[in-house]
Amino acid sequence: MSTENLPQSPEQPPRKPRVAVVFGGRSSEHGISMVTAGAVLRAVDRTKYDVLPIGITREGRWVLTADDPERMTITERRTPDVESLAESSEGGVILPVDPANREVVYSEPGSVPKALGEVDVVFPMLHGPYGEDGTLQGLLELSGVPYVGSGVLASAVGQDKEYMKRVFTSFGLPVGPYVVIRPREWEQDQSAARKKIIDFAGEHGWPLFVKPARAGSSIGITKVEDLSGLDEAIAAAQHHDPKILVEALLRGREIECGVLEFEDGPRASVPAEIPPVQSHAYYDFEAKYIDSTPGIVPAPLTPEQTTEIRRLAVEAFEAASCEGLVRADFFLTEDGEFVINEINTMPGFTPISMYPKMWEATGVPYPELVDRLIQAALRRPTGLR
């Protein structure tokens, strides 16, 4: 029997990839993570992707949130909070733990769990511990869900400033002088740990910068002018991380460079310069996010300097086994040498963040940047690679 004249069932349009944008988290960078995610939610092409916003509260509960980026901004010098966007004060989101099943489930006490559909890729807009440091990446690897950005190792290295510097040194990248005080050192003999810092100051001079070893967004950092401010600075850093890093002052200009993974490998953006904020002694949290002045893009460098910093940024990306994206921060010293300060494996995407600004100046506008990151994640398998 011929089927030519029978009515044909219309073909179903292909399902759009579903992107879970995850933000908030348990770290002290909770609010900045939300601001970053709000900017990404605005930029995702809704004709190309379905979007599922998932917030993580400060206590660690995963919640469904309103898809409302206008409420994810800094208002009256205060950052937002996931709880204010949560659809329920009790419900929680459950990620799959079976690599053969990518379906996300929403559960509330006393109710039947509700399937929210499959997630094709996670865009983790988390900063700091419990998200940017390899912990979330490990969970997603176990679940078999692709995600934007670096894997477990690179994320952990990028979060721990001590081991980041050790990796860079082993690859021949220039880093500044530093000393580390580990939790056990401080617990067992505070006098000896303090002397270690004082001896470091004797060798490299004051001021010093005391900072949490595994935090970001310039949170918990103190510029210490002399011995009298040391204990207070240590306490401020240890409030965020029991392991602290002490760095010598490097006199020079602050220059940043973005790295983005293209189909043929990582490429560097044009660099940017971070000008001093006159009302702040250094580039602290408020200088970065509250009282910031526009960065200079592209940075006023010679062609040779621009070529060099772009080369070093890609080398840092490769040295730490990064994927997707990185913002590499440098000092251009008074001697004309570049010294790498740190990398950020999930840099800020706020409207004033330098990473998207550098790529826009390089010819990749914000929506295309977000799309490239999602596409790179979809191309990349989970597991060993």
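Criteria and thresholds
- Residues numbered from 1 in each chain as written.
- Predicted model: local features only at pLDDT ≥ 70, side-chain atom pairs only at ≥ 80, totals over all residues.
- Heavy atoms only, no water.
- Patch = residues over 30% accessible without salt bridge, like charges linked within 9 Å, V, L, I, M, F, W, Y side chains within 5 Å.
- Areas by Shrake-Rupley, 256 points an atom, 1.4 Å probe, with all protein chains shown as cover.
- Salt bridge = Lys/Arg side-chain N within 4 Å of Asp/Glu carboxyl O.
- Helix = DSSP H or I, 4+ residues; strand = E, 2+ residues; numbered from the N terminus.
- Buried < 20%, exposed > 50% of the residue type's maximum accessible area, 1.4 Å probe, protein only.
- Disulfide = S-S within 2.5 Å.
- Core = buried A, V, L, I, M, F, W, Y, C linked by side-chain atoms within 4.5 Å.
- Contact = heavy atoms within 4.5 Å.
- Axes fitted to C-alpha atoms, helices over the stretch in contact; angles between N-to-C directions.
- Parallel < 35°, antiparallel > 145°, perpendicular 65-115°, else oblique.
- Left-handed = near helix turned anticlockwise from the far one by under 90°.
- Nonpolar A, V, L, I, M, F, W, Y, C, P; charged D, E, K, R; others polar.
- Pairing = 2+ DSSP bridges.
- Phe/Tyr/Trp six-rings, centres within 6.5 Å; stacked < 30°, edge-to-face > 60°.
- Lys NZ or Arg CZ within 6 Å of the ring centre and 35° of its normal.

Could you give an account of a nonpolar patch on the surface, naming the residues involved and the relevant values?
Taken together, the side chains of Ile198, Trp206 and Leu227 present a nonpolar region at the surface, about 240 Å² in accessible area. When you line up the elements, Trp206 lands in the loop between helix 6 (190–204) and strand 9 (208–212). When its relative accessible area of 31% is taken as the criterion, Trp206 is described as partly exposed.

Explain the state of the cysteines to me, and be specific about the residues and the numbers.
According to the stated counting rule, one finds 0 disulfides in the structure shown. Unpaired in terms of disulfides, Cys257 finds its nearest cysteine sulfur in Cys322, a separation of 13 Å.

Tell me about the nonpolar core, and name the residues and values.
A general trend in soluble globular proteins is that nonpolar side chains are found buried together. Of all hydrophobic cores here, the largest spans 34 residues; its most connected members are Val21, Phe23, Val40, Phe123, Met125, Phe349 and Val370. Put simply, the parts of the chain that give this core at least two residues each are strand 1 (18–24), helix 1 (30–43), strand 7 (121–124), strand 12 (252–262), helix 10 (354–362) and helix 11 (366–379). Apart from residues lying up to four places away in sequence, Met125 is in contact with Val21, Val22, Phe23, Ser33, Thr36, Ala37, Val40, Met346 and Phe349. With 27 residues, the next largest nonpolar core counts Cys257, Leu301, Ala313 and Cys322 among its residues.

Now, about the pattern of salt bridges: what can you tell me, with residues and values included?
Evaluated as defined, the whole model comprises 32 salt bridges. Connected through salt bridges with shared partners, the residues Glu141, Glu261, Glu323, Arg380 and Arg385 form a single ionic network.

Just give me the short version of the packing of helix 6 against helix 7 (residues 230–238), but keep the residues and values in it.
At their nearest, the axes of helix 6 and helix 7 sit 12 Å apart, and the two run at 110 degrees to each other. The angle between helix 6 and helix 7 falls in the class roughly perpendicular. Here the hand of the crossing between helix 6 and helix 7 comes out right-handed. Residues Arg194, Ile197 and Ile198 of helix 6 touch helix 7, and the partners they reach there are Leu230, Asp231 and Ile234. Partitioning the contact of helix 6 with helix 7 into residue classes produces 4 nonpolar, no polar and 2 charged.

So what's going on with the sheet that holds strand 7? Residues and values would help.
Spatially, 3-2-1-7 is the arrangement adopted by the 4 strands of the open sheet, whose pairing is mixed. One side of each edge strand has no neighbouring strand; the edge strands of this open sheet are strand 3 (62–64) and strand 7. With strand direction ignored, the average angle separating the axes of adjacent strands in the sheet is 30 degrees. For strand 2 (residues 50–56) and strand 3, the ladder comprises 3 bridges, and the chain directions are antiparallel. Its bridge partner being in strand 3, Ile54 is matched across the sheet by Leu64. Lying on the sheet, helix 1 is in contact with strand 1, strand 2 and strand 7; it crosses strand 1 at an angle near 155 degrees.

An account of the pairing of strand 6 (residues 114–118) is needed here, citing residue identities and associated values.
With 4 bridges joining them, strand 5 (residues 103–107) and strand 6 adopt antiparallel strand pairing. If you follow Tyr106 over to strand 6, its bridge partner there is Lys114. Here strand 5 folds back onto strand 6, and the loop between the two strands holds 6 residues, one of which, Gly110, carries a positive phi near 80 degrees.

An account of helix 10 is needed here, citing residue identities and associated values.
The complete set of buried residues in helix 10 reads Met354, Tyr355, Pro356, Met358 and Trp359. Where helix 10 is buried, its residues meet strand 12, strand 13 (265–268), strand 14 (272–274), strand 15 (325–333) and helix 11.

Before we move on, can you summarise the environment of Tyr366 with the specific residues and values?
In this fold, Tyr366 is placed in helix 11. Given a relative accessible area of 19%, Tyr366 falls into the buried group. Along the chain, Tyr366 and Val246 lie 120 residues apart, while their C-alpha atoms are 35 Å from each other. Beyond its immediate stretch of four places on either side in the chain, Tyr366 contacts Ala39, Val40, Ala43, Phe349 and Pro356.

Explain the side chain of Thr345 residue by residue, including any values.
Relative to the elements of secondary structure, Thr345 occurs in the loop between strand 16 (338–344) and helix 10. Apart from residues lying up to four places away in sequence, Thr345 is in contact with Glu132, Ser150, Ala154, Ser155, Gly158, Cys322, Leu325 and Val326.

I'd like to hear about the packing of aromatic side chains, residue by residue, with values.
Geometry of an aromatic ring pair is reported as the spacing of the ring centres plus the angle between the planes. Within the structure shown, the criterion is met by 5 aromatic pairs. When the centroid spacing of 5.7 Å and the interplanar angle of 50 degrees are considered together, the rings of Phe349 and Tyr355 count as tilted. In terms of burial, Phe349 and Tyr355 fall into one category: buried. Residue placement shows Arg166 over the ring face of Tyr163; its charged tip is 6.0 Å from the ring centre. Of note, Arg267 hangs over the ring of Phe262, and the distance from its end group to the ring centre comes to 4.0 Å.

Give me the lowdown on the environment of Thr382, citing residues and values where you can.
As for its placement among the helices and strands, Thr382 is situated in the segment after helix 11. Looking at Thr382, the relative accessible area reads 25%, which means it is partly exposed. Sequence spacing of Thr382 and Pro212 is 170 residues, and the spatial spacing of their C-alpha atoms is 31 Å. Leaving out residues up to four positions away in the same chain, Thr382 has contacts with Leu140, Glu141, Gly144, Val145 and Pro146.

Nothing here speaks to function; it is all geometry.
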